Amino acid sequence: MLTVEQVMASQKANIETLLALTAKAFEGVEKIVELNMSASKAALTETGDTAKAMLSVKDVQELLALQSGLLQPLAEKTAAYSRHLYEIATGASSEFTKAFESQAAEAQQQFSGMVDAAAQNAPAGSETAVAMMKSSVAAATSALESVQKAVKQATEVAEANFNAVASTATAKPVAKKR
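Reading guide: rules and limits
- Residues numbered from 1 in each chain as written.
- Predicted model: local features only at pLDDT ≥ 70, side-chain atom pairs only at ≥ 80, totals over all residues.
- Heavy atoms only, no water.
- Helix = DSSP H or I, 4+ residues; strand = E, 2+ residues; numbered from the N terminus.
- Rg over C-alpha atoms; globule rule 2.2 N^0.38 Å.
- Contact = heavy atoms within 4.5 Å.
- Areas by Shrake-Rupley, 256 points an atom, 1.4 Å probe, with all protein chains shown as cover.
- 1 Å grid on protein atoms, 1.4 Å probe; cavity = no way out; pocket = protein on both sides within 12 Å on 5 of 7 lines; lining within 4 Å.
- Points joined across faces, edges and corners; volume = space filled by probe spheres on them.
- Nonpolar A, V, L, I, M, F, W, Y, C, P; charged D, E, K, R; others polar.
- Patch = residues over 30% accessible without salt bridge, like charges linked within 9 Å, V, L, I, M, F, W, Y side chains within 5 Å.
- Salt bridge = Lys/Arg side-chain N within 4 Å of Asp/Glu carboxyl O.
- Buried < 20%, exposed > 50% of the residue type's maximum accessible area, 1.4 Å probe, protein only.
- pLDDT = per-residue confidence, 0-100.
- Expected span 1.5 Å × (residues − 1).

With respect to the overall build of the chain
Thought 1: Helices and strands together make up the secondary structure of the chain, namely three helices and zero strands.
Thought 2: When the helices and strands of the chain are placed in sequence order, the string is α-α-α.
Thought 3: A compact globule built from 178 residues would reach a C-alpha radius of gyration of about 16 Å, whereas the chain, at 28 Å, exceeds it by more than 25%.
Thought 4: If you line up the chain on its principal axes, its C-alpha atoms span 100 × 40 × 15 Å.
Thought 5: Nonlocal contacts in the chain, meaning residues at least 24 apart in sequence, comprise 77% of its contacts between residues at least 6 apart.
Thought 6: Of the roughly 13,500 Å² of accessible surface on the chain, 65% is carried by carbon and sulfur atoms.

And the structure:
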């Protein structure tokens, strides 16, 4: 069984992990706030420049040219903002995933140790029950690993889709021939 020292060490490690994850979460929030502040400043500046340009327009053709010239940079900036936001989110998410995997592996190792200790101290004739318990632990570990692999694959697919959408949004339109 677990000793008091082992329980205390485990609790201390859990608190340290929680504090580290909280710091990472705040770091992510700070990055998002910085991104939003710089995007807001840039948007304000661009809005002023666009307003000045629109006030200096002399005819409809010049206005249409100005409008069409604004669309592509807007799409590129939106895609860049989304990409940056996504990078911040995935960076924070990966830290939480690493911590979860580490904690899960440690808990599984401790539980396996407890099962092994119980098996060594089990009374004669309980070999079948011990084998079933070990089999259950192995099945649970396998299921957890399968879930972790599925989550990683889903994350990779989502990231690939995001990158494809971002590259499509920023692609230069091909001029049509008349």
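Let's talk about the layout of surface pockets
Thought 1: The volume enclosed by the largest pocket comes to roughly 330 Å³.
Thought 2: Along its surface, the largest pocket is lined by 15 residues, and S93, T97, V151, K152 and T155 are the ones closest to its centre.
Thought 3: For the lining of the largest pocket, the elements supplying multiple residues, two or more each, are α2 (60-120) and α3 (127-170).
Thought 4: Per-class residue counts for the lining of the largest pocket are four nonpolar, six polar and five charged.

Some points on a nonpolar patch on the surface
Thought 1: Judged by side-chain polarity, V29, V33 and M37 come together as a nonpolar surface patch covering roughly 270 Å² of accessible area.
Thought 2: Within the secondary structure, V29 sits in helix α1 (residues 4-55).
Thought 3: Its relative accessible area of 48% is what places V29 among the partly exposed residues.

Section: the environment of S93
Thought 1: By the secondary structure assignment, S93 is in helix α2.
Thought 2: A residue is classified by how much of its surface remains accessible, and S93, at 38% relative accessible area, is partly exposed.
Thought 3: A sequence separation of 65 residues divides S93 from G28, and the C-alpha atoms of the two residues are 9.6 Å apart.

Here we look at the confidence of the model for the chain
Thought 1: When pLDDT is averaged along the chain, the result is 80, and 93% of the positions lie at 70 or above.
Thought 2: Considering each helix and strand of the chain separately, the mean pLDDT is smallest for α3, with a value of 76, and largest for α1, with 88.

Observations regarding α1
Thought 1: Its 52 residues give α1 an end-to-end C-alpha distance of 76 Å, which sits within 8% of 76 Å, the value for a rise of 1.5 Å per residue.
Thought 2: Along α1, the residues classified as buried are S10, L21, G28 and L35.
Thought 3: Each element contacted by the buried residues of α1 is listed here: α2.

A word on the pattern of salt bridges
As a working rule, side chains carrying opposite charge can pair if their charged atoms are close by.
Thought 1: In total, this model carries three salt bridges according to the counting rule given.
Thought 2: A salt bridge links K24 to E27; the nearest nitrogen and oxygen atoms lie 3.9 Å apart. Here K24 pairs with E27, and both are found in helix α1, just three residues apart, close to one helical turn.
Thought 3: A relative accessible area of 30% places K24 in the partly exposed class.
Thought 4: Of the residues examined, E27 reaches a relative accessible area of 33% and is grouped as partly exposed.
Thought 5: Ionic pairing is found between E46 and K77, a salt bridge with its closest N-O pair at 2.7 Å.

Quick notes on the environment of A39
Thought 1: For A39, the position within the fold is in helix α1.
Thought 2: Separated by 42 residues in sequence, A39 and Y81 have C-alpha atoms that sit 7.7 Å apart.

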